[in-house]
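Inside the fold
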There are 2 protein chains.
Amino acid sequence: MTIDAPRRGRPTAQQRDERRRRMLDRALPMFLEHGYDRTTVEQLARSAGVTKRTIYSDYGDKAGLFVAMVSRLAAEVSDASASESDTLAGLAARIVFRTHSDDLVGLHRLVIAEAERFPDLARTFHELADQRHIERLAHYVHDEPGRHSAAVAEALFSQLLGAAHRRRLLGVTDAPTMSEAVDLATDALDKLGLT
Amino acid sequence: MTIDAPRRGRPTAQQRDERRRRMLDRALPMFLEHGYDRTTVEQLARSAGVTKRTIYSDYGDKAGLFVAMVSRLAAEVSDASASESDTLAGLAARIVFRTHSDDLVGLHRLVIAEAERFPDLARTFHELADQRHIERLAHYVHDEPGRHSAAVAEALFSQLLGAAHRRRLLGVTDAPTMSEAVDLATDALDKLGLT
DNA sequence: TTCTAATGACACTGGACAGTGTCATTACGG
DNA sequence: CCGTAATGACACTGTCCAGTGTCATTAGAA
């Protein structure tokens, strides 16, 4: 859990970058496990192999680190499903798999939980995660007769997450395997009459 | 905000019941506004016109009050949409309106936020709220050719909440009016090809 | 080389808050 | 009417934790 061999004194540029990255990397599992309030700066520091001092001078305070962490992750999510896929079914399945994963569900939970305190963060998350997914889906459904692709894409997105994702947020089911994700995606496409 | 004229000494039976109810009633807005961790027992007590003492003797601790409050509300939600409606469209619209309301979205947020700490509560909430809605919808779609009514009902429920409800959880949109809820419900039924 | 920036180690402060103890007060039950 | 249960008032304890100060240590910059 804890990073070993911390050295005193000013770090090399490389070490400094590693530390900065580690603080963000390690913050996620910490916040996921304990929630925002119950995660102490001391825990965050120890887990990253760093002292509180460094966290405060790099990120200002706990909220600063939290925002930086979520922002970075949301951006990654938005990039992740970008290129690789070529079919609607493939894209749909990947979106299901990703959004139902433990990490993303946990992140989603955090952002929802703190939506009141960090409204901008919630908005960013929504735009980078959900909205991007919908836009990407829209590229594949633009020809549907008589309905706007954006509306169809949103309906599909709703169906791809659906009640299953609600159950994930509430923690009453486990993350689907990739093959289960494919099935969920297939069902969703089917129910909306999409090819 | 605060209840006035608190009197010392043992309360009458009626006063006692009122107090018990008030504690639960007032706990919701408190928890909604500040979240679980940042709501203090002192605030809960003052808001209900009661001292910490009474909260501790009635509910044991903060967690006890929280669980009691959510359980009662979840049960109410489950009863609420019970009888009145006779058409699928009517039921669907009422579900949309209720689940997108500020109170229910806030409650949902709370339960999601604390799903890790109160897993049983999350399960209860899911069964009493979501699952009940799905079952109720299922009564109206049992005749759909070639698909199980339960599956159709779940798909419909997914569509009734959908991306709009995600936005509500993230706090990026306001609660829909009743007429907007009707529109959302109509769209959802439409997209799934239901009458 | 010398000065400065970034850090670890570690102690410390100030505030907040859960939960308890005590006592006077009031209603209820017998 | 008397003993007891439930309460308000209020002080108190113990703990936790965010954020800061200090100093020695090390790397980079001039």
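Below: a short report on this structure.

Conventions we followed
Residues numbered from 1 in each chain as written. Chains lettered and ligands numbered in written order. Predicted model: local features only at pLDDT ≥ 70, side-chain atom pairs only at ≥ 80, totals over all residues. Least-squares fit on C-alpha atoms with pLDDT ≥ 70 in both. Contact = placed C-beta atoms within 7 Å. Core = buried A, V, L, I, M, F, W, Y, C linked by C-beta atoms within 7 Å. Buried ≥ 20, exposed ≤ 12 C-beta atoms within 10 Å, placed from the backbone. Helix = DSSP H or I, 4+ residues; strand = E, 2+ residues; numbered from the N terminus. Near = placed C-beta within 6 Å. Nonpolar A, V, L, I, M, F, W, Y, C, P; charged D, E, K, R; others polar. Axes fitted to C-alpha atoms, helices over the stretch in contact; angles between N-to-C directions. Parallel < 35°, antiparallel > 145°, perpendicular 65-115°, else oblique.

Two copies of the chain are present, and they differ by a rotation about an axis and a shift along that axis. Of the two same-sequence chains, chain B is brought onto chain A (RMSD 0.0 Å, axial shift 0.0 Å) by a rotation of 180 degrees. Taken together, the turn and the small shift mark the pair as related by a two-fold rotation axis. Considering only C-alpha atoms, the residue of chain B closest to the rotation axis is Ala113 of chain B, which sits at 2.4 Å. When you check the interface residues of chain B against chain A, 100% turn up at the interface there too, and the contact is symmetric in its surfaces.

The next thing to look at is the nonpolar core. Ranked by size, the top nonpolar core spans 63 residues in total, and within it Val70 and Val111 of chain A together with Val70 and Val111 of chain B carry the most contacts. In this view, Val111 of chain B contacts Leu170 of chain A together with Val70, Leu121, Ala122 and Phe125 of chain B; residues no more than four positions away in its chain are not counted. The next biggest cluster of nonpolar side chains, apart from the first, holds 48 residues, and it includes Ala185 of chain A together with Val96, Ala164 and Ala188 of chain B.

As a further point, take the environment of Ser149 of chain B. All names here are of chain B. In this structure, Ser149 sits in helix α8 (residues 149–170). By C-beta crowding, Ser149 is classed as partly exposed, having 16 other C-beta atoms within 10 Å. A C-alpha to C-alpha distance of 45 Å links Ser149 and Ala48, two positions 101 residues apart in sequence.

Attention now moves to the protein's contact with DNA strand C. Contacts to DNA strand C come from 28 residues, most closely from Arg10 of chain A together with Gly9, Arg10, Thr12 and Asp61 of chain B. Elements that contribute at least two residues to the surface near DNA strand C include exactly α1 (13–34) and α3 (52–59) of chain A together with α2 (41–48) and α3 (52–59) of chain B. If one sorts the elements of the surface near DNA strand C by residue count, α3 of chain A sits on top with four residues. Split into classes, the residues belonging to the surface near DNA strand C amount to seven nonpolar, seven polar and 14 charged.

The next subject is the packing of helix α1 (residues 13–38) of chain B against helix α4 (residues 62–80) of chain B. Residues and elements named next belong to chain B. Two elements in contact, α1 and α4, have axes whose closest approach is 10 Å; the angle formed by their N-to-C orientations is 105 degrees. Accordingly, the angle class assigned to the pair α1 and α4 is roughly perpendicular. Taking contact as the criterion, the partners of Met23, Leu24, Ala27, Leu28, Phe31 and Tyr36 in α1 are, on α4, Leu65, Phe66, Ala68, Met69, Arg72 and Leu73. Each residue belonging to the contact of α1 with α4 can be placed in one class, and the counts come to eleven nonpolar, no polar and one charged.

Attention now moves to the protein's contact with DNA strand D. The environment of DNA strand D is made up of 28 residues, and the closest members are Gly9, Arg10, Thr12 and Asp61 of chain A together with Arg10 of chain B. Mapped onto the surface near DNA strand D, the elements with two or more residues apiece are α2 (41–48) and α3 of chain A together with α1 and α3 of chain B. Element by element, the count of residues in the surface near DNA strand D is highest for α3 of chain B, at four residues. Within the surface near DNA strand D, the residues separate by chemical class into seven nonpolar, seven polar and 14 charged.

When the parts of a complex come together, some accessible area is lost, and that lost area is often taken as the interface size. Each partner contributes to the interface: chain B provides 32 residues, whereas chain A provides 32 residues. Elements represented by at least two residues in the side of chain B that touches chain A include exactly α1, α6 (102–113), α7 (119–138) and α8 of chain B. No other element matches the eleven residues that α8 of chain B contributes to the side of chain B that touches chain A. For the side of chain B that touches chain A, the residue count by class is 15 nonpolar, seven polar and ten charged.

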